[in-house]
Amino acid sequence: MIQQLHPDMYVETGYERVNVGGIRTDDGLILIDTPICFRDARVWRARLAQLTGQEVRYVINTSYHPSHMLGNQFFSPAPVIAHQAAWDQIESWTDSQLQRLLESLREDCPEAVGADVEPHIVRPRLTFTDRMVLYCGEKRLQLIHLGGHSPTAIGVYLPDIEIFFSGDVVVNGQHPSMEEAHTAQWLRDLTEIRRLRIKAIVPSHGPPCTKEDTQQLSAYIRLLRRRVRSHMRARRKRKEVVDSIDIQELVGFPPFQAAAQPGVEKRIRASLRQVYDELRAEENREG
């Protein structure tokens, strides 16, 4: 479902696995992430052309995850902008890893990968490490590294219209994935977001929200850290810690819509293992 958060901004929240955005400028379109399903990428390209009559000037990927960037090839030759760590990760992929990714995609969404297109990865051509400001026409975009969800994660802030594309750092209405997370940094990222002047956040998953809505995500991350830490004090190993925590308490954490999320318990257990590893590393550094 396309939403127009500003006269020059379009957001699509109905595609598989990720929300995507299109920003109209005097110099062309700027895309925030691209659909993973080739069918969706074609539809998004045609829809934006119909709505704006513009060519794509830049593509910004908020993560190296395929759900954010596999559709880049449908918007070439527009240069891709991402964090330097995203470029490093993509560069390390092997042909066999890409093949496994496409096979998984075909299983999840069989009609998404058309036989008429040879899938390939479009790597970033512009990267940064901390912050970057992109001026395109009259639009000013601040790209901010927010490494709590993963080392590659970034947010895109448009201060003049007070809209923030959060990537995976904010999800709305569902449990976050923490398999690559550094949760202490994630909490700092969310605090930084709440300090900005923001009218609307476009999360990677779920409907647009306000910065006040991120308080529940912070509360959830803090809860996981508390639960893991309390069991670590009993000198339990990682598996014992995860097995000892009441998963149903976490499944039912409001306002997440657990019933609509297949595999949510598996996701939570993976998150708990990552939190355990993070807290154990903190203990080792301190002592």
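Described below are features of the structure shown in this document. These figures come from a predicted structure and were not determined experimentally.

## Points about the overall build of the chain
Looking only at helices and strands, one finds 9 helices and 12 strands in the chain. Here the C-alpha radius of gyration of the chain, 19 Å, is about what a compact globule of 287 residues would show, namely 19 Å. Dimensions of the chain, computed from the C-alpha atoms along their principal axes, are close to 60 × 45 × 35 Å. Relative to its full complement of 287 residues, the chain shows a buried share of 55%. Counting only contacts in the chain whose residues sit at least 6 apart along the sequence, the fraction spanning at least 24 positions is 66%. As displayed, the chain offers around 13,200 Å² of accessible surface, 46% of which is attributable to carbon and sulfur atoms.

## As for the pattern of salt bridges
A complete count under the given rule lists 15 salt bridges for this structure. Between Asp 160 and Arg 140 there is a salt bridge, with its nearest N and O atoms 2.8 Å apart. Note that Asp 160 is positioned in the loop between β10 (154-158) and β11 (163-171) and Arg 140 in strand β9 (residues 139-145), a separation of 20 residues in sequence. Under the relative-accessibility criterion, Asp 160 is labelled exposed at 52%.

## Some remarks on the sheet that holds strand β1 (residues 2-6)
With mixed pairing, the 7 strands of this open sheet are ordered in space as β1-β2-β3-β4-β5-β6-β7. If you trace the sheet from one side to the other, it starts and ends with β1 and β7 (126-128), each paired once. Ignoring which end each strand starts from, the neighbouring axes of this sheet average 20 degrees apart. Where β1 meets strand β2 (residues 9-12), 3 bridges bridge the pair, whose relative direction is antiparallel. Bridging across to β2, Gln 3 finds its partner in Val 11. Across the face of the sheet, helix α1 (residues 38-52) comes into contact with β1, β2, β3 (20-25) and β4 (28-32) while running at roughly 30 degrees to β3. Running at roughly 100 degrees to strand β6 (residues 80-83), helix α3 (residues 84-92) makes contact with β6 and β7 of the sheet.

## Things to note about the pairing of β4
Successive side chains on a regular strand alternate, one facing one side of the sheet and the next facing the other. With 5 of 5 residues buried, β4 is to be regarded as a mostly interior element. In the sheet, β3 pairs with β4 via 5 bridges, with the strands oriented antiparallel. Looking at β4, one finds that Gly 21 is bridged to Ile 32. Adjacent in sequence and paired antiparallel, β3 and β4 are bridged by 2 residues. Pairing geometry for β4 and strand β5 (residues 56-60), over 4 bridges, is parallel. Across the sheet, Leu 29 pairs through a bridge with Val 56, a residue of β5. Of the crossover connections in this fold, the one passing from β4 over α1 to the parallel β5 is right-handed.

## Some details on the sheet that holds β9
The sheet built from 5 strands is open, its strands ordered β8-β9-β10-β11-β12 with mixed pairing. Both edges of this open sheet fall to β8 (131-136) and β12 (200-205), since each of them pairs with a single strand only. The mean angle between the axes of side-by-side strands here comes to 25 degrees, regardless of whether they run parallel or antiparallel. Sheet topology places β10 next to β11; 3 bridges connect them, and they run antiparallel. Counted as the bridge partner of Tyr 157 is Phe 164 from β11. Packing against the sheet, helix α5 (residues 183-195) makes contact with β8, β9, β11 and β12, and its axis sits at approximately 160 degrees to β11.

## As for the pairing of β8
Burial along β8 is one-sided: Met 132, Leu 134 and Cys 136 are buried, and none of Arg 131, Val 133 and Tyr 135, which face the opposite way, are. The sheet contact formed by β8 and β9 spans 6 bridges and is antiparallel. Along β9, the bridge assignment pairs Tyr 135 with Arg 140. If you look at the hairpin formed by β8 and β9, you'll find 2 residues sitting between the two strands, and Gly 137 has a positive phi there, around 60 degrees.

## What to know about α5
Over its 13 residues, α5 runs 19 Å from end to end, which matches the ideal 18 Å to within 8%, given 1.5 Å per residue. Taken as a whole, α5 has its buried residues at Thr 183, Ala 184, Trp 186, Leu 187, Asp 189, Leu 190, Ile 193 and Arg 194. Looking at the buried side of α5, the elements it contacts are β11, β12, α6 (214-232) and α9 (264-286).

## Considerations on the environment of Pro 208
Considering the arrangement of structural elements, one finds Pro 208 in the loop between β12 and α6. Each C-alpha atom, one on Pro 208 and one on Asn 172, is 7.6 Å from the other, the two residues being 36 residues apart in sequence. Ignoring anything within four residues of it in the chain, the contact list for Pro 208 reads Gln 3, Leu 5, Thr 13, Asn 172, Ile 201 and Pro 203.

Each value, and the rule that gives it
Residues numbered from 1 in each chain as written. Predicted model: local features only at pLDDT ≥ 70, side-chain atom pairs only at ≥ 80, totals over all residues. Heavy atoms only, no water. Helix = DSSP H or I, 4+ residues; strand = E, 2+ residues; numbered from the N terminus. Rg over C-alpha atoms; globule rule 2.2 N^0.38 Å. Buried < 20%, exposed > 50% of the residue type's maximum accessible area, 1.4 Å probe, protein only. Contact = heavy atoms within 4.5 Å. Areas by Shrake-Rupley, 256 points an atom, 1.4 Å probe, with all protein chains shown as cover. Salt bridge = Lys/Arg side-chain N within 4 Å of Asp/Glu carboxyl O. Pairing = 2+ DSSP bridges. Axes fitted to C-alpha atoms, helices over the stretch in contact; angles between N-to-C directions. Right-handed = clockwise from strand over helix to strand, strands pointing away. Expected span 1.5 Å × (residues − 1).

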